[in-house]
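# Overview (structure and organization)
Below are the chains, spelled out letter by letter.
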Amino acid sequence: MQQIKKQNIRAILLISVFMSAVVFLSVIALYQIKSSTTEQVRENLQTLLLTIQEAHHILVEQRRFALESISENESVIKLTQDLIHDYQGDKPLVQSKYLTEFRQLLAPILENFGDQGFFIIAPDNISIASMRNSNLGTVNLIAQQNPELLARVFDKGEAVFIPPIRSDVPINNQKLQRISIDATMFIVSPIFDESLSVIAAIAIRINPMTYFSSVTTLGRVGETGETYAFDKSGTLLTESRFVEQLRKLSMLDYGENSIFNIQLKDPGGNLLKGFKPTLSYEQLPLTYMAQQATSGKSGVNTQGYRDYRGVNVIGAWIWDENFQFGVATEINTQEALQPYFKTRNTFIMVITITMILCLLMLKFLFRVQRQFQAKILQTNADLEVRVLKRTSDLEDAKEALSQVNQELAVLAITDGLTGLHNRRHFDNQFNLEWQRCLRDGKSIAIILFDIDYFKQYNDFYGHLMGDICLKNIGTLLMEANITKRPSDIIARYGGEEFIVMLSNTNHEYCQQAAQAICDNIRELGVPHERSESNNQNVVTVSVGYIVSNQLKGLRPNQLVARADKALYQAKSRGRNTVVEFFESDHANISNIHDRPSERK
Ligand SMILES: Nc1nc2c(ncn2[C@@H]2O[C@H](COP(=O)(O)OP(=O)(O)OP(=O)(O)O)[C@@H](O)[C@H]2O)c(=O)[nH]1
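Residues numbered from 1 in each chain as written. Predicted model: local features only at pLDDT ≥ 70, side-chain atom pairs only at ≥ 80, totals over all residues. Heavy atoms only, no water.

The following threshold applies: UniProt positions are given in the numbering used here, feature names are shortened, and annotations may be inferred rather than shown by experiment.
Looking at an unreviewed UniProt entry, the protein chain carries the name diguanylate cyclase, with the source organism given as Thalassotalea algicola. Annotation of the protein chain in UniProt includes, under Cofactor (unreviewed entry), the sentence "Mg(2+)". Recorded under Catalytic activity (unreviewed entry), the UniProt text for the protein chain is reproduced unchanged: "2 GTP = 3',3'-c-di-GMP + 2 diphosphate".

## Some details on the pairing of strand β8 (residues 312–320)
Test applied: When a residue's accessible area, from a 1.4 Å probe over protein chains only, is under 20% of the maximum for its type it is buried; when over 50% it is exposed; and in between it is partly exposed. Think of it this way: any DSSP run of H or I at least four residues long counts as a helix, any run of E at least two long counts as a strand, and we number them from the N terminus. What makes two strands pair is DSSP finding at least two bridges between them.
Across the nine residues of β8, eight count as buried, placing the element largely inside the fold. Sheet topology places strand β7 (residues 299–306) next to β8; five bridges connect them, and they run antiparallel. Across the sheet, the residue bridging to Gly299 is Trp317, located in β8. Taking the residues between adjacent antiparallel strands as the criterion, β7 and β8 are bridged by five residues, where Gly310 takes a positive phi near 85°. Of the strand pairs in this sheet, β8 and strand β9 (residues 325–332) are connected by eight bridges, and their pairing is antiparallel. Of the residues in β9, the one forming a bridge with Gly315 is Glu330. Taken together, β8 and the strand that follows it, β9, pair antiparallel across an intervening segment of four residues, in which Gln324 is found at a positive phi of about 60°.

## Topic: the packing of helix α14 (residues 463–479) against helix α15 (residues 507–524)
Heads up, the condition is: Here an angle of 0 to 180 degrees is reported between the N-to-C directions of two axes, which are lines fitted to C-alpha atoms, with helices fitted over the stretch in contact. Orientation categories follow fixed angle ranges, with anything under 35 degrees roughly parallel, anything over 145 roughly antiparallel, 65 to 115 roughly perpendicular, and all other angles oblique. Helix crossings get a hand from a simple test, with the near helix turned counterclockwise from the far one by less than a right angle marking a left-handed crossing and a clockwise turn marking a right-handed one. We call two residues in contact whenever any of their non-hydrogen atoms come within 4.5 Å of each other.
Look at α14 against α15: their axes get within 11 Å of each other, and the N-to-C directions meet at 130°. As summarised for this structure, α14 and α15 are arranged oblique, according to the angle between their axes. Read as a crossing pair, α14 and α15 show a hand that is right-handed. Together, Asn472, Ile473, Leu476 and Leu477 of α14 and Ile517, Asn520, Ile521 and Leu524 of α15 make up the contact between the two elements.

## Focus: a nonpolar patch on the surface
To keep it simple, the criterion reads: Within this analysis, patches are made of residues with over 30% relative accessible area and no salt bridge. Like charges are joined at 9 Å or less; nonpolar side chains (Val, Leu, Ile, Met, Phe, Trp, Tyr) at 5 Å or less. To measure how exposed things are, a 1.4 Å probe is used in the Shrake-Rupley method; for residues, cover is taken only from the protein chains shown. Here a salt bridge means any side-chain nitrogen of Lys or Arg lying within 4 Å of a carboxyl oxygen belonging to Asp or Glu.
A cluster of nonpolar side chains, Met349, Ile353, Ile356, Leu357 and Leu360, forms an exposed patch at the surface whose accessible area comes to about 490 Å². With respect to the helices and strands, Ile356 occurs in helix α11 (residues 338–413). Ile356 gets classed as partly exposed once you look at its relative accessible area, which sits at 45%.

## Some details on the sheet that holds strand β10 (residues 444–451)
Strands belonging to one sheet form pairs held by backbone hydrogen bonds; the direction of such a pair is parallel or antiparallel. Across the sheet, which stays open at both edges, the five strands sit in the order β11-β12-β10-β13-β14 with mixed pairing between neighbours. Each of the sheet's edge strands pairs with one partner strand only, and the pair in question is β11 (489–494) and β14 (578–580). Across this sheet, the average inter-strand angle for adjacent strands is 20°, counted without regard to direction. Relative to strand β12 (residues 497–503), β10 runs antiparallel, the two sharing seven bridges. Within β12, the residue paired with Ile446 across the bridge is Met501. Of the strands in this sheet, β10, β12, β13 (541–548) and β14 are in contact with α15, which crosses β13 at around 170°. Where helix α16 (residues 556–572) meets the sheet, it contacts β10, β11, β12, β13 and β14, and its direction lies at approximately 140° from that of β13.

See below:
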């Protein structure tokens, strides 16, 4: 169990290290991808911005060049001088024939460039010629809204570009549909007289939609990329790409254009996602980009900042001191870093799948381990049960064996027919007891007896009946209570012969026992028609016995031989009798050392 726990902890640690390494390497890879993507976006934005600026410069230069050649036209100079003369006179400008001539002169040029009108501005900033009579004799709107730039025309004799200013008239678009655009912009060039003095300025009204927004529109890259111009106050000077969004956000009215109507303010959150600014529109600060640009700083931001919709963007911007407006190009961070985000999402997905797979693997491993463990426990339990059963079987077998052994042991020492001890056991016990009595100086008695005329019995009754007779005598002897001590023994000594050994006994008891044996067998009354003993017609026995406490110098079989001698005498005396062997009789049997092999 402890081992398995350690293995599990090791597996968890290994997988944790593996996953940490994967995450660590992924983070490094992602960081590098993000850096290179950001760097690429930065370069693209800057390139785009410079391209737009260059395109704008080229455009303005072209127009300025064109306007300069118009202003240097002799007819234009002459007409301007005449107009100024009329303007300085009492004659109303509207009635001046030079005004009509001017309009006729410039109309085809304006039409050619798609311009919306012109002004001839006197040095006192009064419009002395225009396509519309209502402007005549009024302070020119360029002088009203951007006097510094106009001053450069009169003071320095420069041709200048006037970025979008509020128009005094709506401007027709190319389809000549009147729309509520109230922005206009100009190229203004000085008109010199022969002495190279600036006598007036000629301003061509350019449609910002055509000549400015069209340039910045080129900077609309991707789905969210936008390039736009703005003035010193952070007000949008070009058409926004997101007019529809701004209208939905109620930042613009329907039909209203974004030029001059949107200030680049940071709402503090993504308006498209429902963010509601806490400050009023006036209190909101300019966007990060607008703050930087309007303070004259050009730059790039790839960290991300909120645009005027509150959307997080990456952007580059430039402030054109000459033209007094800024241009910014921005793109949603989400789109700009799309390759990075896609890669990041793929990484996250791969890492998540790897993690899930690792966890599943771990879970599977633990489950297999648990199953394996359960199997081992089950096997152990089965094994234990089997061992217990086997042990119990073995115990049973052992017990049975011991019982069989006991039975065998009993059988080994028992005479099969009579149930008495057999001769081998008698000999063993007799020898042991002999040694003990010899050592202790105790007496040993041997009673030896044999059935009289048993041959005749067998012959007359049959051998089977002879066996039954022997069996009955055996049973009687076992029940006769002859042996008193544990060491005493009765045995079938051979054929129809029985023997009793009594230790530590005396003559009297031995005599009684021998007599009892003789009497009891006779009284058993087993019929014996052919018996010739003392006129008995029942089975009888002849008994010889000896009691000796002088065992020293004797051998056990010599004692048996002496008992047998006495038995022999009993046979001689007519059978069915008991004879004790006395040492006094020894003379008669002095030659007896062993049991006689033949008694008859
Ligand atoms: N049925 C039977 N007979 C046995 C058995 N063992 C010995 N005998 C018989 O016992 C008889 C012994 O005969 P003998 O030795 O002549 O002795 P006896 O006929 O008894 O004569 P005495 O001893 O002199 O009285 C033999 O016929 C043996 O066959 C036995 O186990 N069963």
